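Given next are the chains, with one letter for each unit.
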Amino acid sequence: MLRHAVSTAGFVLFGALSACSASHYVQRGADLYGEGRYVEADEVFERSEHRISRASPEERATYAAYRGATFIALGDLHHGQHWLSIATELERTHPGALRKEDREFLDGAWRALANRLPKVPPAPADTAVASSSRALLPSVDSAPPTPPAPTP
């Protein structure tokens, strides 16, 4: 009985240490990000990525939010969007996975991404794209002439 209790306590302690290990790397990367040390944050996130697959949805969501924001800060918008999407999906499927401040951080990261994307101005009204809906409709001026009425 005592052996079982010790074994169970060891397993619980190991599980707690594993969780701390994953959250330690998430927190370390987040701290480096907060200090503006994006390359170092990226290195921490990259080295700890394999651990995150076993982490709780909360840790995975936080990791994904900071990982995405780090990619955006480094100019890798494609990977940034990928990780922000993962964080958003985790929050959607596990409501409350992100703490309020982490949810606000994620929202800010999405705004940062939107601000870094190339701006595509709307097409001027006189271009073929803007007037394509009018091109499908015949205008009065371009209507074919009315054929003469048949004679009886």
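Overview of the structure. Per chain, the residues get numbers from 1 upward, laid out in the order the sequence is written. Local features in this predicted model are restricted to residues whose pLDDT is 70 or higher, and side-chain atom pairs enter the listing and the counts only when it is 80 or higher, whereas totals over whole chains, interfaces and linings include all residues. Just so you know, side-chain values use all the structure's heavy atoms and leave hydrogens and water out.

### Observations concerning the pattern of salt bridges
Any two side chains of opposite charge can pair, on the condition that their charged atoms come close.
Moving on, step 1. A pairing counts as a salt bridge when a side-chain nitrogen of Lys or Arg comes within 4 Å of a carboxyl oxygen of Asp or Glu. Applying the stated criterion across every chain, the model contains nine salt bridges.
Moving on, step 2. A salt bridge links Arg 37 to Glu 40; the shortest N-O distance between them is 2.6 Å.
Moving on, step 3. Residue classification places Arg 37 among the partly exposed positions, given a relative accessible area of 32%.
Moving on, step 4. Taking the relative accessible area as the measure of exposure, Glu 40 reaches 32% and is therefore partly exposed.
Moving on, step 5. The salt bridge partner of Glu 104 is Lys 100, with a shortest N-O separation of 2.9 Å. Separated by four residues within a single helix, Glu 104 and Lys 100 lie in helix 5 (residues 100-116), roughly one turn from each other.
Moving on, step 6. A simple rule labels every residue: compare its accessible area, found with a 1.4 Å probe on the protein chains alone, to the largest value its type can have, and call it buried under 20%, exposed over 50%, or partly exposed in between. The partly exposed category is assigned to Glu 104, whose relative accessible area is 44%.
Moving on, step 7. Under the relative-accessibility criterion, Lys 100 is labelled exposed at 61%.
Moving on, step 8. Each of the salt bridges in this network shares a partner with another, and the network as a whole consists of Glu 35, Arg 37 and Glu 40. Helix and strand assignments follow DSSP, with helices taken as H or I runs no shorter than four residues and strands as E runs no shorter than two, numbered in order from the N terminus.

Functional significance is not addressed by these values, which are geometric in nature.
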